[in-house]
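Chain by chain, the residues run as shown.
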Amino acid sequence: MSFYRQAGSIPPKRHTQHRRPDGGLYSEELVGEEGFSSDSSLLYHRGIPSAIVDARPWELPDQTLTPNAPLVPRHLKLHELKFQDADAVTGRRLVLGNADVRISYAVSEAPSPYYRNATGDECVYVERGTAVVETVFGSLDVGAGDYVILPRTTTHRWAPTGDEPLRTYAIEASSHIAPPKRYLSRYGQFLEHAPYCERDLRGPAEPLLADGTDVEVYVKHRGGGTIHVLPEHPFDVVGWDGCLYPYAFNIADFEPITGRIHQPPPVHQVFEGTNFVICNFVPRKVDYHPLAVPVPYYHSNVDSDEVMFYVDGDYEARKGSGIGVGSISLHPGGHSHGPQPGAVERSLGVDFFDETAVMVDTFRPLDLGEAGLAADDGRYAWSWSGRGPVA
């Protein structure tokens, strides 16, 4: 994210001495992408960021993936999944995944352990509830509708607040996650046609300092999971600056792009990673040509699987399918899909859609995680024809 920020105490020039009140040196750490060739930030620690005193295995939640075979569209009912004494990290249940991206869901009331993902960036959508996301860069207050972007290796913790459970939809990449390149100038500034801009992004405002010894940090990496025990608390950064940091963006600040006739899904794009994109559908004025058909036309995902998470409102194209708030539809590449029977006629003359959904399109096939298998309604594939296999 090429948008410069600074917080706390930093020296006038990088890679120069920065001394503590007692005369000792702070430890400077460069957190950077693509081998010193892309965005980075400089953090100034009270302790030594490399120091650990113990390491032991962490058994990750079930990461088993099962192919979508036979190839069918699916309806996954996330709100029917069971969670008990869960947190937003170790309580995640894997819904869908491939080598590029994994989608998980959690319902939690307990604080998570300190955690960092060393495999790739995370984009966590807050469906319901509120939380403080404490990070090595500072804290973020988040709530319903917030996307939280956490760069790879950012040590953080989810601490729910408020009375209702925290519902989080985690999109974990094997790459970085960023705004679409077409929204940005060659120097990284949002362009005028972009549906959101720097003013909409909320980054940490000030450092978050904590004391502690022998602090456990859960690390997810390509080899599995590890728990590192740090001699001092990881939240020891007195200041930082740069263009790489966690931030939040609320879906309500996305300005929809509309037209006289139906606009294709790329106009709804909000982020992208390697071999996948993230889009969102928000309440909006819809097609205003006098003969417009507001719902999507039938389309074949030749190169991608489409995953739609229905967050709020009344999704016109899926009426009659059983899909509602808390549902996921999976439309795999190789299967033509579109509005349910009768949806086209019902949409004619409609000028506003009241719907909120988060979509992930992947360019490699998605497999089903254990939660995806558990949440499958088993009937959605037959919803266009009105009947299924003969028993």
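Note that this is a predicted model, so its numbers are computed, not measured. (Residues numbered from 1 in each chain as written. Predicted model: local features only at pLDDT ≥ 70, side-chain atom pairs only at ≥ 80, totals over all residues. Heavy atoms only, no water.)

1. Some details on the pattern of salt bridges
Note on pairing: side chains with opposite charge can pair once their charged atoms come close. By the definition in use, this model includes 15 salt bridges. When the shortest N-O distance is used, the salt bridge between Arg56 and Glu216 registers 2.2 Å. Of the two residues, Arg56 is situated in strand β4 (residues 54-57) and Glu216 in strand β15 (residues 213-221); the sequence distance between them amounts to 160 residues. The class for Arg56 is partly exposed, based on a relative accessible area of 33%. Residue class for Glu216 comes out partly exposed when judged on its relative accessible area of 30%. The salt bridge partner of Arg128 is Asp312, with a shortest N-O separation of 3.9 Å. Of this pair, Arg128 sits in strand β9 (residues 122-128) while Asp312 is found in strand β23 (residues 305-313), placing the two residues 184 residues apart along the sequence. Look at Asp312 and you get partly exposed, because its relative accessible area is 41%. (Salt bridge = Lys/Arg side-chain N within 4 Å of Asp/Glu carboxyl O. Helix = DSSP H or I, 4+ residues; strand = E, 2+ residues; numbered from the N terminus. Buried < 20%, exposed > 50% of the residue type's maximum accessible area, 1.4 Å probe, protein only.)

2. Details of the pairing of strand β24 (residues 327-331)
Every other side chain in a regular strand lies on the same face of the sheet, so the side chains alternate between the two faces. With five of five residues buried, β24 is to be regarded as a mostly interior element. Burial of β24 is two-sided: the residues Ser327, Ser329 and His331 facing one way and the residues Ile328 and Leu330 facing the other way are all buried. Both strand β5 (residues 74-77) and β24 contribute to a ladder of four bridges, which runs antiparallel. In the sheet register, Lys77 faces β24, and the bridge partner there is Ser327. For β23 and β24, the ladder comprises four bridges, and the chain directions are antiparallel. Looking at the pairing, Val307 lines up with Leu330 of β24. (Pairing = 2+ DSSP bridges.)

3. Points about the UniProt feature "binding site: Fe cation" (unreviewed entry) in the chain
If you check UniProt for "binding site: Fe cation" (unreviewed entry), the listed places come out as His299, Glu306 and His337 in our numbering. Spanning 39 residues, the annotated positions come together in the fold, the maximum distance between their C-alpha atoms being 11.2 Å. Lining the largest cavity, from the residues just named, are His299, Glu306 and His337. Secondary-structure assignment places His299 in strand β22 (residues 299-300). The exposure class assigned to His299 is partly exposed, which follows from its relative accessible area of 21%. If sequence neighbours within four positions are ignored, His299 has contacts with Glu306, His335, Ser336 and His337. Of note is the side chain of His299, whose polar atom sits 2.8 Å from the backbone oxygen of Tyr297. Looking at the secondary structure, you find His337 in strand β25 (residues 336-337). Residue class for His337 comes out buried when judged on its relative accessible area of 1%. Discounting residues that sit within four places of it in the chain, His337 has contacts with Tyr297, Tyr298, His299, Asn301, Glu306, His331 and Trp384. (UniProt positions renumbered as here; feature names shortened; annotations may be inferred. 1 Å grid on protein atoms, 1.4 Å probe; cavity = no way out; pocket = protein on both sides within 12 Å on 5 of 7 lines; lining within 4 Å. Contact = heavy atoms within 4.5 Å. Polar contact = N/O pair within 3.5 Å; in protein donor to acceptor, adjacent residues only side chain to side chain.)

4. Brief notes about the nonpolar core
Among the nonpolar cores identified, the biggest contains 57 residues, and Tyr147, Tyr169, Phe271 and Ile278 are the most heavily contacted of them. Sort the elements by how many residues they give to this core and strand β7 (residues 101-108) lands first, with four residues. (Core = buried A, V, L, I, M, F, W, Y, C linked by side-chain atoms within 4.5 Å.)

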